[in-house]
Amino acid sequence: MSKTVLITGGAGFIGSHVVRLFVNKYADYKIVNLDALTYAGNLENLTDVANYSNYEFVKGDITDISFINSIFEKYNFDGVIHLAAESHVDRSISDPGAFINTNILGTVNLLNAARNYWKGNFKGKRFYHISTDEVYGSLGDDGMFTEDTSYDPRSPYSASKASSDHLVRAYMHTYKLPVVLTNCSNNYGGNQFPEKLIPLAINNIKNNKSIPIYGKGKNIRDWLFVNDHANAIDLVYHKGKNGETYNIGGNNEWQNIQLIYKLCEIMDLKLGRENGESAKLITFVKDRAGHDMRYAIDSSKIQKELGWKPSLEFEEGLEKTVDWYLDNETWLNNILSGKYEQYYEEQYVKR
Ligand code: NAD
Ligand code: DAU
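Presented here is a report on the structure given in the accompanying data block. Bear in mind that the values here come from a model prediction, so they are computed numbers and not experimental data.

Digging into the packing of helix H2 (residues 65-75) against helix H4 (residues 96-118)
Viewed as axis vectors pointing N to C, H2 and H4 meet at an angle of 35°, and their least axial separation amounts to 10 Å. In this structure, H2 meets H4 at a crossing whose hand is right-handed. Side by side, H2 and H4 meet where Ile 65, Ile 68, Asn 69, Phe 72 and Glu 73 of the first sit next to Asn 109, Leu 110, Ala 113, Ala 114 and Tyr 117 of the second. Its residues assigned to classes, the contact of H2 with H4 comprises seven nonpolar, two polar and one charged.

Quick look at the structure:
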């Protein structure tokens, strides 16, 4: 094997797409997927590559320092692509503790292990930290987040991600650890846990349940197809410059309510419903606490310097996404267990 790469959080939504891309594209790499399999991690995301000879899954928790040390000792990684995180803003509002532990302390454990096991001999090594546009805060009607935008995180989730970003950069400045970071906008596509807006809405529409829209539905997100994010991660891992940050986004802003109308239109067609039928399920509910109004990413740096660009128009990506969830009923049903029902009840019914 020419390189051994640790991918953390590879059983989650984005991580599983990154693992699939790497094991298929780099037959001469060994890809080690480390994941704690929290409620959001699912090995069913990776059944197609599970038996590949260049792939190995290791179950473990990044908050467990002795476990992290043991895998660095065992595998002698050349690189780390760090995606493992608690990732859902609503959960960070009801239970911030898990976000502090995994997103901050877990990241520090990985940084320390990389520093200790690479022993200052950083040639050919790389620590790649995956972050979010939410660290930049919330925009008004105009402007976009660039790599120079000041950090202004406003939820426990985004504050924990911002904190981990600062620590990653601090390890570069202090210890010369070769790091690279990316901050990406909202991803969508297959394999996303149905607590996030798009898969939750698809599942509810399919089952004729109401579609909960927070507040007035005017908040804006910049949506990117998950495979485009995975391609960007591949590019940055191989071609990005140490110490640099690259913003990744779809240049694709949608108000939540407009997005949901578009999704309802697609679902009507796919389910053979009359046009407008699914939209009747839209229900405005209590707003998210501290709900950021608008995110928009300026991705010109990665486009110019590394030649990346999004490959899909939103309508095409949304239709592919709907098809994926309709074609993968077993995947969805396996996730919608008692625990999901309990979460759903607490998040939407009791509030
Ligand atoms: P996800 O919640 O779908 O997956 C997270 C994965 O991390 C899961 O497989 C989970 O089991 C694992 N994990 C959680 N805690 C762990 C721990 N303590 N030890 C080991 N594994 C653990 O998340 P996602 O949406 O795929 O996001 C992946 C990364 O990308 C995160 O760092 C997130 O902040 C970032 N990001 C996400 C988006 C998005 O739109 N989803 C956008 C930008 C950045
Ligand atoms: O911007 C990148 C971030 O995108 C990532 O860092 C996060 O990990 C990821 O979860 C996502 O965060 P959001 O909070 O933007 O995603 P979510 O799908 O939870 O919500 C999208 C928008 O839809 C947001 O404005 C809140 C709203 N919403 C969400 C849910 C779940 C609703 O109106 N109703 C809902 O039921």
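On we go from here.
Here we look at the sheet that holds strand S9 (residues 220-225)
An order of S7-S9-S11 is seen for the three strands of this open sheet, with the pairing classed as mixed. Edge positions in the sheet fall to strand S7 (186-188) and strand S11 (253-255), since each of these pairs with one other strand and no more. Neighbour-to-neighbour, the strand axes of the sheet open up by a mean angle of 50°, direction not taken into account. Here S9 pairs with S11 via three bridges, running antiparallel. Residue pairing for S11: Arg 221 is matched across the bridge by Trp 254.

Digging into helix H7 (residues 226-239)
The end-to-end C-alpha separation of H7 is 20 Å, in line with the 20 Å expected for 14 residues at 1.5 Å each. Within H7, the full set of buried residues consists of Val 226, Asp 228, His 229, Ala 230, Ala 232, Ile 233, Asp 234, Val 236 and Tyr 237.

Brief notes about the sheet that holds strand S10 (residues 245-248)
A sheet is described by the order of its strands in space; here seven strands give the open sequence S3-S2-S1-S4-S5-S6-S10, paired in parallel fashion. Looking at strand neighbours, the two that pair on one side only are strand S3 (55-59) and S10, the edges of this open sheet. Taken pair by pair, the neighbouring strands of this sheet meet at an average axis angle of 20°, ignoring direction. Pairing analysis gives five bridges linking strand S2 (residues 29-35) to S3, with the strands arranged parallel. From the neighbouring strand, Leu 34 faces S3, where its bridge partner is Val 58. The sheet strands contacting helix H1 (residues 13-25) are strand S1 (3-8), S2, S3 and strand S4 (79-82), and the helix crosses S2 at an angle near 165°.

A few points about the site of ligand 2
Around ligand 2 sit 23 residues in total, of which Thr 132, Asp 133, Tyr 157, Arg 288 and Tyr 348 are the nearest. Here an oxygen atom of ligand 2 sits 2.9 Å away from a polar atom, N or O, in the side chain of Glu 134. Within the side chain of Tyr 348, one N or O atom sits 2.6 Å away from an oxygen atom of ligand 2. Taking 690 Å² as the accessible area of ligand 2 by itself, protein coverage stands at 95%. With three residues, strand S8 (residues 211-214) is the largest single contributor of residues to the shell around ligand 2. Of the residues that constitute the shell around ligand 2, the class distribution is nine nonpolar, eight polar and six charged.

Basis of the calculations
Residues numbered from 1 in each chain as written. Chains lettered and ligands numbered in written order. Predicted model: local features only at pLDDT ≥ 70, side-chain atom pairs only at ≥ 80, totals over all residues. Heavy atoms only, no water. Axes fitted to C-alpha atoms, helices over the stretch in contact; angles between N-to-C directions. Helix = DSSP H or I, 4+ residues; strand = E, 2+ residues; numbered from the N terminus. Left-handed = near helix turned anticlockwise from the far one by under 90°. Contact = heavy atoms within 4.5 Å. Nonpolar A, V, L, I, M, F, W, Y, C, P; charged D, E, K, R; others polar. Pairing = 2+ DSSP bridges. Expected span 1.5 Å × (residues − 1). Buried < 20%, exposed > 50% of the residue type's maximum accessible area, 1.4 Å probe, protein only. Near = heavy atom within 4 Å. Polar contact = N/O pair within 3.5 Å; in protein donor to acceptor, adjacent residues only side chain to side chain. Areas by Shrake-Rupley, 256 points an atom, 1.4 Å probe, with all protein chains shown as cover.

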